[in-house]
Amino acid sequence: ISPMNAKGSSGGEEKAPGMRSKTLAESGCSGEIKRGQAILVAYVIAALELTFLFMQMGVMPYLAKSLGLDSVGFGYLQTTFGVLQLVGGPIFGRFADQFGTRAALILSCASGSAFFLIMSISTNIPLLFLSRLPAVFMHGLPGAQKLITDVTTPSQRADALGKLGLCFGLGIIIGSALGGVLSTKFGVFVPTYVGLVGNLINTMIAIVWIPLQAKPKSDHHVTEHSNVFSIREILRLMKFPGVMEVFIIKVFAGLPIGLFLIMFSIISMDFFGLEAVESGYLMSYFGVLQMVVQGLVVGKLTNHCTERTLLRLTVFVFAGVGLGMALMRTVWHYCIIAVPLVFAFSTLATITDSILTKAVPSSETGTMLGICASVQPLTRTVGPTIGGVLYKHFGVSSFGYLQLIVNIGLFVYLLKSKIPLRELKSQ
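This structure is a prediction, so every number in the text was calculated from the model and none was measured.

Novice: Help me out: how do you make sense of the confidence of the model for the protein in this one?
Specialist: Averaged over every residue, the pLDDT of the protein is 80; the share at 70 or more is 85%. Taken element by element, the protein is modelled with least confidence in helix H9 (residues 220-224), mean pLDDT 44, and with most confidence in helix H3 (residues 101-120), mean pLDDT 93. Under a pLDDT of 50 for its full length, residues 213-225 has, in the predicted model, 43 contacts with residues more than four places off or in other chains.

Here you go:
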């Protein structure tokens, strides 16, 4: 029986309110096989999309420069991409809730194809800006998270979501390296051709291999409020117990470090004195750390610790990272700090996503994941301005001190508050 379909398999009658169809995680051996297939497909789609995304991020500055775009114009281009992703996240999530995860992932992969197609024919600056437009629906990672959420029980969710970090790490390492090699040896447009073909393949994977359990649920919220673009319906999720508090922690705990990472290309040159190749090695180091932490560490921690404990631990580690960054002087210091930094970032993302999807009705997890996915685009949108001011007037240490102060405040709040972190999905 489809877990996202509230009709019976034979009679076609809608189940009584308060009941739900069996999920794959609850439906025996064949259900376990299909659940495993769904999770594997989610990992494959996420890994491929992230690989192509990081591949184009590496060559985009060179493509923009070859078309005559200066640094200010390139900033506008990046901001355009960030704003589109920011706006599109919640809309994509509601689309997944109403039309099913399968349809949503097909939309994401097809949008990726359009993104690379327009990039591949961008012979002028207006076309290059136009190529950003499909990014509003390019949300392969939230789509993969939604698919995993649909087929796992709440107790399995954090571990399965955490392993998506392996896909992110692979995307950083392979995508960055592949983009550099292809653009250097064969021309700046070749990575866009590879991205186009790759996204077409990803679209076919979504069409053929995503199990049919990824259909829209029959839920009174979905049928009664069918407007995908309804801001009121998106913001309504913030009223569920604990959602607003956890979301605020998700946004602010890593914001100062997020500002630092946005400015890292400049900091690596000016503060650390790194060459482009050395910066690439450092990015690969980050990718490997993320794969290890999310693939091997986060899942084991979720099996032994409560989410409340892990959330407090993450905020505490973030405060320690802030202190370390405030005292940091060399790139080797940064390599040491990167270990707890990646741990805190990975754990915060996984745990908060898991908590927030449990705190809302099962028919609206897609919208919640879409809201969560908007956090990074929000940071990318405001980051260059705020980060630039901090770096110019107060130096690198300002990011660390801000991180320390913010997370000490959040840690004290978590110790004193009674946020209902263990809310389960509505039945």
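Following the structure, the description resumes.
Novice: Would you take a moment to explain the nonpolar core for this structure?
Specialist: Soluble, globular proteins show a tendency: their nonpolar side chains are buried together. Phe260, Ile267, Phe272, Met328, Tyr334, Met368 and Phe399 are the most contacted members of the largest nonpolar core, which has 56 residues in total. Examining the composition of this core, we find that 14 residues originate from one element, helix H16 (residues 331-359), more than from any other. Those residues in contact with Tyr334 that sit more than four places away from it in its chain are Phe260, Leu261, Phe264, Phe272, Leu282, Phe286, Met328 and Leu341. Among the nonpolar cores identified, the runner-up in size contains 25 residues, and Phe54, Leu147, Ala160 and Leu161 belong to it.

Novice: How should I be thinking about the packing of aromatic side chains in this particular structure?
Specialist: The relative placement of two aromatic rings is captured by the distance of their centres and the angle of their planes. All chains considered together, the criterion is met by 12 aromatic pairs. Each ring, one from Phe271 and one from Phe272, has its centre 5.2 Å from the other, and the planes form 70 degrees; the classification is edge-to-face. For Phe272, a relative accessible area of 12% gives the class buried. With a centroid separation of 6.4 Å and an interplanar angle of 90 degrees, the aromatic rings of Tyr285 and Phe286 are classed as edge-to-face. For Phe286, a relative accessible area of 14% translates into the label buried. An aromatic cluster of three or more residues is present, and its members are Phe260, Phe271, Phe272, Tyr285, Phe286, Tyr334 and Phe399.

Novice: Is there a simple way to explain the pattern of salt bridges in this structure?
Specialist: Side chains bearing opposite charge may pair, as long as their charged atoms lie close to each other. All told, the structure shown has 5 salt bridges when counted by the stated rule. Residue Lys250 pairs with Asp353 through a salt bridge whose shortest N-O separation is 3.0 Å. Residue Lys250 is found in helix H11 (residues 243-253), and its partner Asp353 is found in helix H16; the two are separated by 103 residues along the sequence. Asp353 carries the same exposure label as Lys250, and that label is buried. The network of salt bridges with common partners includes Asp97, Lys146 and Asp150.

Novice: What's the story with the packing of helix H7 (residues 164-186) against helix H8 (residues 190-209) in this structure? I'm lost.
Specialist: Two elements in contact, H7 and H8, have axes whose closest approach is 8 Å; the angle formed by their N-to-C orientations is 130 degrees. With respect to their mutual orientation, H7 and H8 come out oblique. Contacts from Gly179, Leu182, Ser183 and Phe186 of H7 reach H8 at Val190, Pro191 and Val194. Tallied by class, residues from the contact of H7 with H8 come to 5 nonpolar, 2 polar and no charged.

Novice: Whenever I open this one, the packing of H11 against helix H19 (residues 397-416) confuses me. Can you help?
Specialist: The geometry of a pair of packed helices is captured by two quantities: the angle between their axes and the separation between those axes. In the contact formed by H11 and H19, the axes pass within 10 Å of each other and the chain directions differ by 160 degrees. Here H19 runs roughly antiparallel to H11, going by the angle between their axes. Crossing hand, H11 versus H19: left-handed. Across from Glu245, Ile249, Phe252 and Ala253 in H11, the residues of H19 making contact are Gln403, Val406, Asn407, Leu410, Tyr413 and Leu414.

So, how was this worked out
- Residues numbered from 1 in each chain as written.
- Predicted model: local features only at pLDDT ≥ 70, side-chain atom pairs only at ≥ 80, totals over all residues.
- Heavy atoms only, no water.
- pLDDT = per-residue confidence, 0-100.
- Helix = DSSP H or I, 4+ residues; strand = E, 2+ residues; numbered from the N terminus.
- Contact = heavy atoms within 4.5 Å.
- Core = buried A, V, L, I, M, F, W, Y, C linked by side-chain atoms within 4.5 Å.
- Buried < 20%, exposed > 50% of the residue type's maximum accessible area, 1.4 Å probe, protein only.
- Phe/Tyr/Trp six-rings, centres within 6.5 Å; stacked < 30°, edge-to-face > 60°.
- Salt bridge = Lys/Arg side-chain N within 4 Å of Asp/Glu carboxyl O.
- Axes fitted to C-alpha atoms, helices over the stretch in contact; angles between N-to-C directions.
- Parallel < 35°, antiparallel > 145°, perpendicular 65-115°, else oblique.
- Nonpolar A, V, L, I, M, F, W, Y, C, P; charged D, E, K, R; others polar.
- Left-handed = near helix turned anticlockwise from the far one by under 90°.

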